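Now for the letters of each chain:
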Amino acid sequence: MATLNLGSSIPVPSIKELVAQPLDTVPLRYIRDLDADYPTAAAFPGDSSVQLPLLDMAKLVDPQYQEIELQKLHDACKNWGIFQLIGHGVPDESLKAMHKKTQEFFDLSPEDKNQYAQKPGSLEGYGQAFVISEDQKLEWCDMIFLKAIPTHTRKLEFWPEEQPRNFREALHVYSHDMRKTAVSIIGFIAMALGLDFKDFREVFEGGNYDVRMNCYPPCPEPERVIGISSHADLSGITLLTDCGDIPGLQVLKDGRWVFVEPITDGMVVNIGIIMEIVSNGVYKAPYHRAAVNRHKDRFSIVTFCYPSKKFDIKPAKELINPDSLALYKSFTNDEYFRSFYERTELSDDGVPFIDTVKI
Ligand SMILES: O=C(O)CCC(=O)C(=O)O
Ligand SMILES: [Fe+2]
């Protein structure tokens, strides 16, 4: 059997370095190709903000409110695939520490950051994800991507050590806090779907957690570039925290791109392709992307939460019957990632991965 190719990325200049010199216009490599946008949707200038569904974990755990809140969760996952979560119980110190360390990391000198640069054959480290050809359009985003849980998957060579001070400790604590939240929310998602919530909690307790820290520097022509292009996440679920109050995340809702306004003390939860498959399409992994702005750096921290490697990725049997046939293929964990990474190397056909997992 061929070994699983985790992909690699061609090194490109960092955006922070690019904007360190005065810049009136954007280099051609970053100008978005509007025709290649998928799916096509309302153009950029029409973007507006909306209030995402708002869920409260404190209510989900409270027997007095649970039933109503579960219904809200079900509607949010079905109609949006993305929601704001408050009452999640992640200590403020943990969030603040990670936000601070993320900003401090991107503020290091290029030489200091490049100590942790991605290497061929690995997506981990500092750089840009999935740059596979020299003429590919580039995104207006610097990032550092690290596997955090289980701890034996960590590649510490990519983990900033002396600077920023205590970065590693902050990420250790933060990733465990995110796992705790993910396990709780996945239990409620399973409950809302009528599945065994204990099983799902266990599967995510033993799951993998990858953290991507994004920095979107200011751009002189923000409407002509994209921070992260439209995609649906490969994860089970994704937890995103914003390091400030600058909007950037956009979600495709009813054929329009809408901004998600960060809320204080909240986090954004979205369904990934794995849970779309498990729910047999009842819940949707939303297309989303990141826009950039003219004035200020925006930082976000994204935790991709995956089930345990032993978990087969397929529509839950409880949701399949003669009136509701499986709409998605079944994969082992290995097959799922293999089919994704094989595609990113070949995907010039414009078909997004999510469409290839459907029957
Ligand atoms: O930074 C954001 O708002 C979006 C990031 C994202 O979608 C990702 O890293 O997968
Ligand atoms: Fe994403």
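Residues numbered from 1 in each chain as written. Chains lettered and ligands numbered in written order. Predicted model: local features only at pLDDT ≥ 70, side-chain atom pairs only at ≥ 80, totals over all residues. Heavy atoms only, no water.

Put simply, the test is: UniProt positions are given in the numbering used here, feature names are shortened, and annotations may be inferred rather than shown by experiment.
Looking at an unreviewed UniProt entry, one finds the protein named Non-heme dioxygenase N-terminal domain-containing protein, with Cynara cardunculus var. scolymus as its source organism. Quoted straight from UniProt, the Sequence similarities (unreviewed entry) entry for the protein says "Belongs to the iron/ascorbate-dependent oxidoreductase family."

### Details of the UniProt feature "domain: Fe2OG dioxygenase" (unreviewed entry) in the protein
Put simply, the rule reads: Labels follow the DSSP assignment, with helices taken as runs of H or I lasting at least four residues and strands as runs of E lasting at least two, numbered in each case from the N terminus.
Within this numbering scheme, the UniProt entry marks residues 207–307 as carrying the feature "domain: Fe2OG dioxygenase" (unreviewed entry). Helix makes up 6% of residues 207–307 and strand makes up 46%, while its end C-alpha atoms are separated by 4 Å.

### Quick notes on the packing of helix α3 (residues 66–79) against helix α6 (residues 167–193)
Using the following cut-off: Fitted lines through C-alpha atoms serve as axes, helices being fitted only where they are in contact, and the angles separating the N-to-C directions of these axes extend from 0 to 180 degrees. Here is the rule for angles: anything less than 35 degrees is roughly parallel, anything more than 145 is roughly antiparallel, 65 through 115 is roughly perpendicular, and the remaining ranges are oblique. Note on definitions: a residue-residue contact is assigned when non-hydrogen atoms from the two residues lie within 4.5 Å. Amino acids are sorted into nonpolar (Ala, Val, Leu, Ile, Met, Phe, Trp, Tyr, Cys and Pro), charged (Asp, Glu, Lys and Arg) and polar (every other residue, Gly among them).
Here α3 crosses α6 at 85°, and the two axes come no closer than 9 Å. Classified by the angle their axes make, α3 and α6 are roughly perpendicular. Taken together, the residues of α6 that come into contact with α3 (itself represented by Gln-66, Leu-70, Leu-73, His-74 and Cys-77) are Phe-188, Ile-189, Met-191 and Ala-192. Its residues placed into classes, the contact of α3 with α6 shows seven nonpolar, two polar and no charged.

### Section: unusual backbone geometry
Among all residues except glycine, the phi angle is most often negative; among peptide bonds, the trans geometry is most common. This is how it is decided: Three labels apply to residues, based on accessible area from a 1.4 Å probe with only protein chains included: buried if under 20% of the type maximum, exposed if over 50%, partly exposed otherwise in between.
The step from Ile-149 to Pro-150 runs through a cis peptide bond, and the omega angle for that step is 0°. Among the secondary structure elements, Pro-150 is positioned in the loop between β5 (142–149) and α6. Cis peptide bonds are those with omega within 30 degrees of zero, and the linkage from Gln-163 to Pro-164 qualifies with -10°. Among the structural elements, Pro-164 can be located in the loop between β5 and α6. A positive phi angle, near 65°, is found at Asn-166, a position not held by glycine. Unusually for a residue other than glycine, Asp-254 sits at a positive phi of about 50°. For Asp-254, a relative accessible area of 70% translates into the label exposed.

### Details of the site of ligand 1
Our working definition: Whether a residue is near a molecule or strand is decided by its heavy atoms; if any one of them lies within 4 Å of it, the residue is near. Counted as a polar contact is a pair of N or O atoms within 3.5 Å, where, for protein atoms, one must be capable of donating a hydrogen and the other of accepting one, and residues adjacent in sequence contribute only when both atoms are in side chains.
Around ligand 1, the surrounding shell holds 13 residues, and the nearest of these are Tyr-216, His-231, His-288, Arg-298 and Ser-300. At 3.4 Å, a side-chain N or O of Asp-233 approaches an oxygen atom of ligand 1. One nitrogen or oxygen atom from the side chain of His-288 is found 3.0 Å from an oxygen atom belonging to ligand 1. For the shell around ligand 1, the secondary-structure elements that each account for two or more residues are β6 (208–216), β7 (228–231) and β13 (298–306). By residue number, the principal contributor to the shell around ligand 1 is β13, which donates four residues. Within the shell around ligand 1, the residues separate by chemical class into six nonpolar, four polar and three charged.

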